[in-house]
Amino acid sequence: IYVGNVTQGTGADANKRKAAYSSDGSSFTEVFTEATVDILDFEYDGAYTYGCHSSGISRGALGTATAWTAAWSSQAAIKLCFHNNNLYGITANQLWLIAAAAGSTKKWPSDASTNYTLTDIDAGSSGSIFFCGYSGERGLGWEYDGTNATVFATLPKNFIPTSLEIYLGVTYVGGYYTE
């Protein structure tokens, strides 16, 4: 279990330190601290855990505090997904293949602008990456097959998707309606 954005301190030091903790089920161990950014999401690849924040991605070996690299990647992200030995992340409006340092590659959209706000990402058993978002009053779901992103779901009018989960081959999209 990883827990992010635990604030520590009192008085003048209150809320000045963000921390991530891991748990073995009986106790918590601090694995990463960051004084200025919120940890937005975690992803695990079998060897390392990645934590994304507004200034990049931190990486650490499971259960260790000293092995965390605060600036493993300079690519900011709001959500992460590990699939087929690749780490993917979404920003507010782009899908990225994440690499160490400054080696990340934008995968969608191909042009410089988009009218969509992305909210979540997950991997499917088909080998594809799925992500959701919205534009104006319409929510959409996309499937990225490694080359192209295509719309796989047009959601009801005024439905804003906030989460996406794939379980046993079924894609679940959570969200809320606006008036």
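Residues numbered from 1 in each chain as written. Predicted model: local features only at pLDDT ≥ 70, side-chain atom pairs only at ≥ 80, totals over all residues. Heavy atoms only, no water.

Caption draft 1: Layout of the environment of A71. Checked against the element boundaries, A71 lands in strand β7 (residues 69-73). Taking the C-alpha atoms as reference points, A71 and R59, separated by 12 residues in sequence, lie 7.9 Å from one another. (Helix = DSSP H or I, 4+ residues; strand = E, 2+ residues; numbered from the N terminus.)

Caption draft 2: Inspection of the sheet that holds strand β10 (residues 95-98) at higher detail. Taken together, the four strands give an open sheet; going across it, the order is β8-β9-β10-β11, and neighbouring strands pair in antiparallel fashion. Edge positions in the sheet fall to β8 (79-83) and β11 (105-108), since each of these pairs with one other strand and no more. For this sheet, the mean inter-axis angle between neighbouring strands, taken without regard to orientation, is 30°. Taken together, the three bridges between β10 and β11 define a ladder with antiparallel strand orientation. From the neighbouring strand, W96 faces β11, where its bridge partner is K106. (Pairing = 2+ DSSP bridges. Axes fitted to C-alpha atoms, helices over the stretch in contact; angles between N-to-C directions.)

Caption draft 3: View of the pairing of strand β6 (residues 56-61). The sheet contact formed by strand β5 (residues 48-53) and β6 spans six bridges and is antiparallel. Among the inter-strand pairings, C52 is bridged to a residue of β6, identified as I57. Between β5 and β6, which follow one another and run antiparallel, lie two residues.

Caption draft 4: Quick look at the sheet that holds strand β13 (residues 129-135). Strand order in this open sheet of four strands is β12-β13-β14-β15, and the pairing throughout is antiparallel. The outermost strands of the open sheet, each flanked by one partner alone, are β12 (117-123) and β15 (149-157). Each adjacent strand pair in this sheet contributes to an overall mean axis angle of 20°, direction not counted. Looking at chain direction, β13 and strand β14 (residues 138-144) are connected through seven bridges and run antiparallel. Paired with I129 across the two strands is Y144, which belongs to β14.

Caption draft 5: Molecular detail of the nonpolar core. Core analysis: the largest hydrophobic core is formed by 14 residues, its most contacted members being Y88, L95, I121, I129 and F131. Not counting residues up to four positions away in its chain, the partners in contact with I121 are K79, L80, C81, Y88, I90, L95, I129, F130, F131 and L164. (Core = buried A, V, L, I, M, F, W, Y, C linked by side-chain atoms within 4.5 Å. Buried < 20%, exposed > 50% of the residue type's maximum accessible area, 1.4 Å probe, protein only. Contact = heavy atoms within 4.5 Å.)

Caption draft 6: Region of the structure containing the pattern of salt bridges. Within the structure shown, the criterion is met by one salt bridge. In this structure, E137 engages K157 in a salt bridge whose closest nitrogen and oxygen atoms are separated by 3.3 Å. Highlighted residues: E137 in the loop between β13 and β14 and K157 in strand β15, separated in sequence by 20 residues. (Salt bridge = Lys/Arg side-chain N within 4 Å of Asp/Glu carboxyl O.)

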